[in-house]
Amino acid sequence: VQLVESGGGLVQPGGSLRLSCVGSGFTFSTYRMSWYRQAPGKERELVAGITAGGGSTNYAEAVKGRFTISRDNAKNTVYLQLNSLKPEDTAVYYCNYVRSTLQFGSLNYWGQGTQVTVSS
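Since this is a predicted model, take the numbers as computed values, not measurements. (Residues numbered from 1 in each chain as written. Predicted model: local features only at pLDDT ≥ 70, side-chain atom pairs only at ≥ 80, totals over all residues. Heavy atoms only, no water.)

Colleague: Please explain unusual backbone geometry as it appears in this structure.
Modeller: If a residue is not glycine, its phi is most likely negative; likewise, a peptide bond is most likely trans. In this structure, Asn-76 is a non-glycine residue whose phi angle is positive, near 50 degrees. Mapped onto the elements of the fold, Asn-76 is located in the loop between strand E7 (67-72) and strand E8 (77-82). Given the relative accessible area of 26%, Asn-76 is considered partly exposed. (Helix = DSSP H or I, 4+ residues; strand = E, 2+ residues; numbered from the N terminus. Buried < 20%, exposed > 50% of the residue type's maximum accessible area, 1.4 Å probe, protein only.)

Right, dumping it as structure tokens:
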């Protein structure tokens, strides 16, 4: 199983970025996918999630109306469009999915993360 994020970088306040996460080693199209972020000194928090078919999404209050999650199951890729970025959006952004198992319960899978820095 592998999740590989890309697309992070340094952007000015008000700017935009698009993050991508490519999944492999599992049946991507059958899993809900999520984006999390972790800022220095803070706990990792859920940013957005999308159902397996892409028909339903959810967002943290802090990013509603600014971020958009989407997916392309043909490319095994989930995206996070970040608009109107603020300095408080600065964090490492992680891609995630959860697999339920009888023996071990729920297993969380994470990518390596991509750094987003919002600064003038």
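From this point, the discussion proceeds with the structure in view.
Colleague: Help me understand the packing of aromatic side chains in this model?
Modeller: Geometry of an aromatic ring pair is reported as the spacing of the ring centres plus the angle between the planes. This structure, assessed with the given rule, holds seven aromatic pairs. Between the aromatic rings of Tyr-36 and Trp-110, the centroid separation amounts to 5.0 Å while the plane-to-plane angle is 75 degrees, which identifies the pairing as edge-to-face. One end of the pair, Tyr-36, is in strand E4 (residues 33-38); the other, Trp-110, is in strand E10 (residues 105-110), and 74 residues separate them in sequence. Given a relative accessible area of 33%, Trp-110 falls into the partly exposed group. For the ring pair Tyr-94 and Trp-110, a centre distance of 6.3 Å and an interplane angle of 85 degrees mean the geometry is edge-to-face. Here Tyr-94 is found in strand E9 (residues 91-101), whereas its partner Trp-110 is found in strand E10, with 16 residues between them in sequence. Among the residues examined, Tyr-94 registers a relative accessible area of 13% and is labelled buried. Put simply, the rings of Phe-26, Phe-28, Tyr-31, Tyr-97 and Tyr-109 pair up and form one aromatic cluster. (Phe/Tyr/Trp six-rings, centres within 6.5 Å; stacked < 30°, edge-to-face > 60°.)

Colleague: What is the right way to read the side chain of Arg-66 from this model?
Modeller: Take Arg-66: it is sitting in the loop between strand E6 (57-59) and E7. Exposure remark for Arg-66: the relative accessible area of 10% places this residue in the buried category. Beyond its immediate chain neighbours, meaning those up to four positions away, Arg-66 contacts Gln-81, Leu-82, Asn-83, Ser-84, Leu-85, Lys-86 and Asp-89. (Contact = heavy atoms within 4.5 Å.)

Colleague: Hey, could you run me through the sheet that holds strand E1 (residues 2-6) in this one?
Modeller: Strands belonging to one sheet form pairs held by backbone hydrogen bonds; the direction of such a pair is parallel or antiparallel. Read across the sheet, four strands follow the order E1-E3-E8-E7 without closing on themselves; strand pairing throughout is antiparallel. Bordering the open sheet on either side are E1 and E7, each of which pairs with just one other strand. Taken over all neighbouring pairs, the strand axes of this sheet differ in orientation by 15 degrees on average, direction set aside. Taken together, the six bridges between strand E3 (residues 17-24) and E8 define a ladder with antiparallel strand orientation. Within E8, the position partnered with Ser-20 by the bridge is Tyr-79. (Pairing = 2+ DSSP bridges. Axes fitted to C-alpha atoms, helices over the stretch in contact; angles between N-to-C directions.)

Functional significance is not addressed by these values, which are geometric in nature.
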